[in-house]
Amino acid sequence: MTAAPITFLPTLQKLGSTVDPNIDAQAIAEAWFAAFVDAVSTKNATAVVDLLVDDAFWRDMLALTWDYHTYHGRDGMKKFLADQLPKFSLSAFKLREDLVGLQIPFEDLAWIQGYFTFDTTVGHASGIFRLVPLENGSWKGHTVYTNLEDLKDFPEKVGSLRNQEANHGKWAEVRKREQECLDEEPSVIIIGGGQSGLDAAARLKVLGVKSLVIERNERVGDNWRKRYAGLCLHDPVWYDHMPYLPFPPTWPIYTPALKLAHWLESYADALELDVWTSTRVTSVEPGTKSKKWTVKVVRGNGRERLFEVNHVVFALGFSSDTIRMPNIPGQDEFKGQVLHSSKHKLASDHLGKRVVVVGACTSAHDICSDYADHGVDVTMVQRSSTYVMSTKNGIPMLLGALYSENGPPTDLADRLNFSFPTAIVRLLHRRVTKEIAKADRDTLDGLRKVGFKLNMGVDESGPLELALNKAGGYYFDVGASQKIIDGNIKLKPDGRISRFTPTGLVFEDGSTLEADVVIFATGYGNAREAYLQLLPADLHSAVQPIWGINDEGELNSVSREIGGRGRSAEKVAGLWSLMGNLAMCRFFSKHLALQIKAYEEGIFGERY
């Protein structure tokens, strides 16, 4: 697999240093932080950079750039700081002494981590630094992270700022009028009522921005409810909490899709989010009434309504409208059933049939496992290698103590998690991936023996870049691997399909496979295509890539406007993207809402 550009981990050997585990980490952090505050407060970019190693990183999320950036090396950081420090007048720095400590993630890696808060001209922000030891006994910064937390004059209406008025008998009618947008037009239209759309609506609501979620399905949660019955989240509950309303302590570690669907519906109801179900957005056109965009929606009863807004959030995920379905010769001759995994529902629909599932990643494994549990003759066709790890061993190793039963508060865990630049995470994951493979050795060896093709991920970094660039290509094993090893799920390796026959498939190696049902678990197409379907053709070229990581390791378009930074960005200003798993949507939905609120209040600066 193609290797991405890499940097180096700040190993003790590379730094020419050693670490006494009994050092006074607090004193070292306080001394460095005092010098850092002095340099930043005086807007002295050179002095700030002198506190960092040559190979240092600075990751900023909105706090100093109104954008998402990762700078690497002295020259890039010095220019960024020289340009931006004068604009933001940083102040009110405070080091969280309770969150300072020496960390030794590996024998040859050590850093002192610190968490701090500060103010900018418009907001409250947080920061995280990691100091590494040098040969001369001093400590310098290797990573710095700065993150916009809140807008100074526009706090979230939670806690002591919640509605404190008693309501006697009026709530139902008021809520009905709010839901129908009878007295107030929305400022934001959100297209899609899955986790990303609901998170965005919740974040905007507590900032006092009225939004309306447009969901084409009959019920909130149907994007999970209508998928195959065997679907279950492979991320643990501690990683998947939603904003303002975490899962209860009785919740299972791995959430069944149907249970999640019900939760999303109750979440929208409990947080009083305005959602129109059985409704479609048919077009998003440049606005005509002093607003940027005109959004046309059609409700289930056929009634049309136009909304004039400045902001439209595309919360479509990897839409089922853009499924990836191979065009294989002879399909019209096949006498059985052919469908994409997005249309598959129940294994019991095919009892007594011979089922072939094309694909070897998460959906394929889940579907094959369900068929095997129902005694159905099922064969997995693997066309290329897959990264496989067990949830039992892999999840704790990847997430560590951050997202666990006794982990830190979710908001803190998120900031610690995202404070690492992607380039560093890649290198750390290369090490962890090897350890996971050792722990999973018996399963992986068993898969190899039956011909299952494995890989270690892009640049041997496990699932990291497969998720960030492809949103697939891996399987977190919850039992299907053993069924493949035991033969309960049959395997056709190197399964490059040549054509259909009336009764099955012919492969390029000349082998054949009889089938009554062929399911293509082949994923989804480019997420960008779903956006283009709603926009006029003359705006298509202005829409930047959706998903995938850029050269700095930041996600393309997620939680930002979809026009990027190019000349044509203004053409699609006010069009936003939010997508990802539950954890990513929880975290980035706040950044999205802060930007929209800043625009609405006229305090948004200039993207750097």
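Conventions and cut-offs
Every chain begins its residue count from 1, and numbering advances along the sequence as written. With the structure being a predicted model, the display of local features is reserved for residues of pLDDT at least 70 and the display and counting of side-chain atom pairs for 80 or more, all residues being used for whole-chain, interface and lining totals. Side-chain metrics in this entry use all non-hydrogen atoms of the structure; hydrogen atoms and water are not considered. Per-residue accessibility, obtained with a 1.4 Å probe over protein chains only, is compared with the maximum for each type, and a residue is labelled buried under 20%, exposed over 50%, and partly exposed between these values. Elements are defined by DSSP. Helices are runs of H or I of four residues or more, strands are runs of E of two residues or more, and each kind is numbered from the N terminus. Whether two strands pair comes down to DSSP finding at least two bridges between them. Working rule for contacts: check all heavy atoms of both residues, and any pair within 4.5 Å makes them a contact. The convention used is that axes are lines fitted to C-alpha atoms, helices contributing only their stretch in contact, and that angles between N-to-C directions extend from 0 to 180 degrees. The criterion for a disulfide is a pair of cysteine sulfur atoms lying within 2.5 Å. Expected span of a helix, by definition, is 1.5 Å for each gap between consecutive residues, and there is one gap fewer than residues. What the arc covers is the set of directions going from the helix axis to the C-beta atoms. Every residue gets a pLDDT, meaning the predictor's confidence in that residue, from 0 to 100. Among the buried residues, those of types Ala, Val, Leu, Ile, Met, Phe, Trp, Tyr and Cys that are joined through side-chain atoms within 4.5 Å form a nonpolar core.

Some words on the pairing of strand S19 (residues 474-477)
On S19, burial covers both faces: Tyr 474 and Phe 476 on one face and Tyr 475 and Asp 477 on the other are all buried. Summarising the sheet, strand S18 (residues 387-390) and S19 pair through four bridges and their orientation is parallel. From the neighbouring strand, Tyr 387 faces S19, where its bridge partner is Tyr 474.

Concerning the environment of Gly 553
Following the sequence through the fold, Gly 553 ends up in the loop between helix H16 (528-532) and strand S25 (560-561). A relative accessible area of 9% places Gly 553 in the buried class. The contact partners of Gly 553, leaving out residues within four places of it in the chain, are Arg 59 and Thr 422.

What about the sheet that holds strand S13 (residues 304-309)?
Read from one edge of the open sheet, three strands run S11-S12-S13, paired in antiparallel fashion. Each end of this open sheet is capped by a strand with a single partner; those strands are strand S11 (280-286) and S13. When the angles between neighbouring strand axes are averaged without regard to direction, this sheet yields 20°. Here six bridges tie S11 to strand S12 (residues 293-298), and the two strands are oriented antiparallel to one another. Bridge pairing in S12 links Val 281 to Val 297.

Points about the state of the cysteines
In this structure the tally under the stated criterion is zero disulfides. Just so you know, Cys 361 is unpaired, no disulfide at all, and the nearest cysteine sulfur is the one on Cys 368, 12 Å from it. Note on Cys 361: relative accessible area 24%, which makes it partly exposed. Judged by its relative accessible area of 0%, Cys 368 is buried.

Quick look at helix H2 (residues 25-41)
The first and last C-alpha atoms of H2 sit 24 Å apart over 17 residues, in line with the 24 Å expected at 1.5 Å per residue. Among the residues of H2, those classed as buried are Ala 25, Ala 29, Trp 32, Phe 33, Phe 36, Val 37, Ala 39 and Val 40. Projected onto a plane normal to the axis of H2, the buried residues spread over an arc of 160° and lie on a single side. Where H2 terminates, the next one or two residues include Lys 43, which has phi positive at roughly 60°.

As for the pairing of strand S21 (residues 497-501)
Taken together, the four bridges between S21 and strand S22 (residues 504-507) define a ladder with antiparallel strand orientation. Looking across to S22, one finds that Arg 499 is bridged to Val 506. Hairpin connection between S21 and S22: a loop of two residues separates the two successive antiparallel strands.

Observations concerning unusual backbone geometry
For Tyr 244, which is not glycine, the phi dihedral falls at a positive 70°. You can see Tyr 244 is positioned in the loop between helix H7 (222-225) and helix H8 (257-270). For Tyr 244, a relative accessible area of 33% gives the class partly exposed.

Things to note about the confidence of the model for the protein chain
Taken as a whole, the protein chain shows an average pLDDT of 95; of its residues, 99% reach a score of 70 or greater. A low-confidence stretch, residues 1-6 stays under pLDDT 50, and its non-local contacts, those more than four residues away or across chains, total 15 contacts.

Digging into the nonpolar core
General note: in soluble globular proteins, nonpolar side chains tend to be found buried as a group. Phe 36, Trp 58 and Val 284 are the most contacted members of the largest nonpolar core, which has 168 residues in total. For this core, the element with the highest residue contribution is helix H17 (residues 582-600), accounting for nine residues. Not counting residues within four places of it along the chain, the set of residues in contact with Phe 36 comprises Val 48, Leu 51, Trp 58, Phe 93, Phe 116 and Val 144. In terms of nonpolar packing, the next biggest core, distinct from the first, is built from 15 residues, Tyr 387, Ile 395, Leu 399 and Tyr 474 among them.

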